[in-house]
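If you want the building blocks of each chain, they are given just below.
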Amino acid sequence: MSAPVRARSAAPLDSEPSGAGDRPADAALQVARRWHPWRWVISAAVLVLFAQFVHGLATNPGWDWATFAKYFTAGSVLQALWMTVKLTLWGTVLGFALGVVLAVSRLSHNPVLQVIAWVYIWAFRSIPLIVQLLFWFNITYLYQTLSLGIPFGPGFFTFEVNGVISGFTAAVIGLALHQAAYSAEIIRSGIISVDHGQIEAAQSLGIPRRRQFFKIVLPQAMRGILPNAANEVISLFKGTSIVSTMAIAELFYQVQVIFGRNGRVVPLLMVATIWYIILTTLLSIGQYYVERHYARGSARALPPTPWQMVTRKFAEIRDAGVSVPRGATK
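Residues numbered from 1 in each chain as written. Predicted model: local features only at pLDDT ≥ 70, side-chain atom pairs only at ≥ 80, totals over all residues. Heavy atoms only, no water.

## What to know about the overall build of the chain
Quick reminder of the rule: Starting at the N terminus, helices and strands are each numbered in turn, a helix being any DSSP run of H or I of at least four residues and a strand any DSSP run of E of at least two. Each residue is placed in one exposure class: buried if its accessible area under a 1.4 Å probe, protein chains only, is under 20% of its type's maximum, exposed if it is over 50%, and partly exposed if it falls in between. Every residue pair with non-hydrogen atoms within 4.5 Å of one another is taken to be in contact. Using a 1.4 Å probe, accessible areas were evaluated by the Shrake-Rupley method; residue-level cover was limited to the displayed protein chains.
Scanning the chain from N- to C-terminus turns up 12 helices and two strands. Element order for the chain, N to C, with α for helix and β for strand: α-α-α-α-α-β-β-α-α-α-α-α-α-α. Put simply, the chain has 330 residues, and 28% of those count as buried. Nonlocal contacts in the chain, meaning residues at least 24 apart in sequence, comprise 67% of its contacts between residues at least 6 apart. About 23,100 Å² of surface is accessible on the chain, with carbon and sulfur atoms providing 65% of the total.

## Here we look at a nonpolar patch on the surface
Rules: Like-charged residues are merged into a patch within 9 Å and nonpolar side chains (Val, Leu, Ile, Met, Phe, Trp, Tyr) within 5 Å, provided each residue has over 30% relative accessible area and no salt bridge. What makes a salt bridge here is a side-chain nitrogen of Lys or Arg within 4 Å of a carboxyl oxygen of Asp or Glu, nothing more.
On the surface, I278, L282, I285, Y288, Y289, W307 and V310 cluster together into a nonpolar patch covering about 710 Å² of accessible area. Mapped onto the nonpolar patch, the elements with two or more residues apiece are α11 (265-294) and α12 (306-322). Among the elements that take part in the nonpolar patch, α11 stands out by supplying five residues, more than any other. Secondary-structure assignment places Y288 in helix α11. Under the relative-accessibility criterion, Y288 is labelled partly exposed at 30%.

## So, the nonpolar core
Here is the rule we go by: The definition of a nonpolar core used throughout is a set of buried Ala, Val, Leu, Ile, Met, Phe, Trp, Tyr and Cys residues joined through side-chain atoms within 4.5 Å.
Y71, V77, L251, V255, L268, V271 and W275 are the most contacted members of the largest nonpolar core, which totals 18 residues. Looking at this core, the elements with two or more residues in it are α2 (65-72), α3 (75-107), α10 (251-262) and α11. When residues in this core are grouped by element, the largest group, seven residues, is from α11. The contact partners of V77, leaving out residues within four places of it in the chain, are Y71, F72, L251, Q254, I258, V271 and W275. In terms of nonpolar packing, the next biggest core, distinct from the first, is built from 15 residues, I165, V172, L175 and L236 among them.

## Points about the packing of α10 against α11
Using the following cut-off: Axis definition: a line fitted to C-alpha atoms, limited for helices to the stretch in contact. Angles are taken between N-to-C directions and run from 0 to 180 degrees. Roughly parallel covers angles under 35 degrees, roughly antiparallel covers those over 145, roughly perpendicular covers 65 to 115, and oblique covers all other angles. Each crossing is labelled by how the near helix is turned from the far one, with a counterclockwise turn of less than a right angle marking it left-handed and a clockwise turn marking it right-handed. In this classification, the charged set is Asp, Glu, Lys and Arg, the nonpolar set is Ala, Val, Leu, Ile, Met, Phe, Trp, Tyr, Cys and Pro, and all remaining amino acids, among them Gly, are polar.
Direction vectors running N to C along α10 and α11 enclose 165°, while the axes themselves pass 9 Å from each other. One way to sum up the angle between α10 and α11 is to call them roughly antiparallel. Crossing hand, α10 versus α11: right-handed. Here L251, F252, V255, I258, F259 and N262 of α10 come into contact with α11, specifically with V265, L268, L269, A272, W275 and Y276. Here the residues of the contact of α10 with α11 are counted per class, giving 11 nonpolar, one polar and no charged.

Given below as structure tokens:
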């Protein structure tokens, strides 16, 4: 059987350079590989520095990994970790719920709501978080009792503020109100990023406003909201350490108490650091899959997840190992 005929250049035959007829018809054009020596030098230097760092972690007695292992899963540390998670959860839920209200108010056509929402965002973004937390923690200096009733009139129900707003409640209120100011701007920016022409097209087709928002605006707005919202949640999770100033037994406060007793500062700080890294990683994984869910429709096919790439590579290796090429056996 003759060799397959390859497509030749459209240039005239007499324009071929001398010696072209000596090259085989099926010879592939070899492209000279470009070398990057400095890329290898920098990579080697980074690997050496990383190896030195790991060696220092393993051999430097100052890290005191025995103390780290002793307190990493201690009961008091795990309880403090759960307190941190609860502060993050309540601050996120209440903060973003209020942020939605503020974002809708800023986008409304009511000038009163626009001004109130703008003043709230301006005020709570201007005041440091620690000041807000200490204010709510000491709210009883201003109001010993609160009453529910007719505005500027008689009250029907009165209760003691000190019995209702505990340290944990004050921390949740401060974190949620602070978070609402930032989440409102994140939500508003995501909504206004959607092309207004799509909304006009939906209105011309007679699609109800509720369906316009949930089927057209929200899925596209979430693509812009989620990355910034996830950053805010992670910042809030790490920012809960600031409530240690209110003597609330969250993770960083409990670590401080322990190393204040035994003097093992570095290993106890590593306990808090590793727990922060673990939970931040879990939040980042959740962010990836939520973003992937709302990315549907933005591309013809979504890229494979890391787990899908690993399983696919494993299947390729397995298939290559069990398959026997023709002519390999005698």
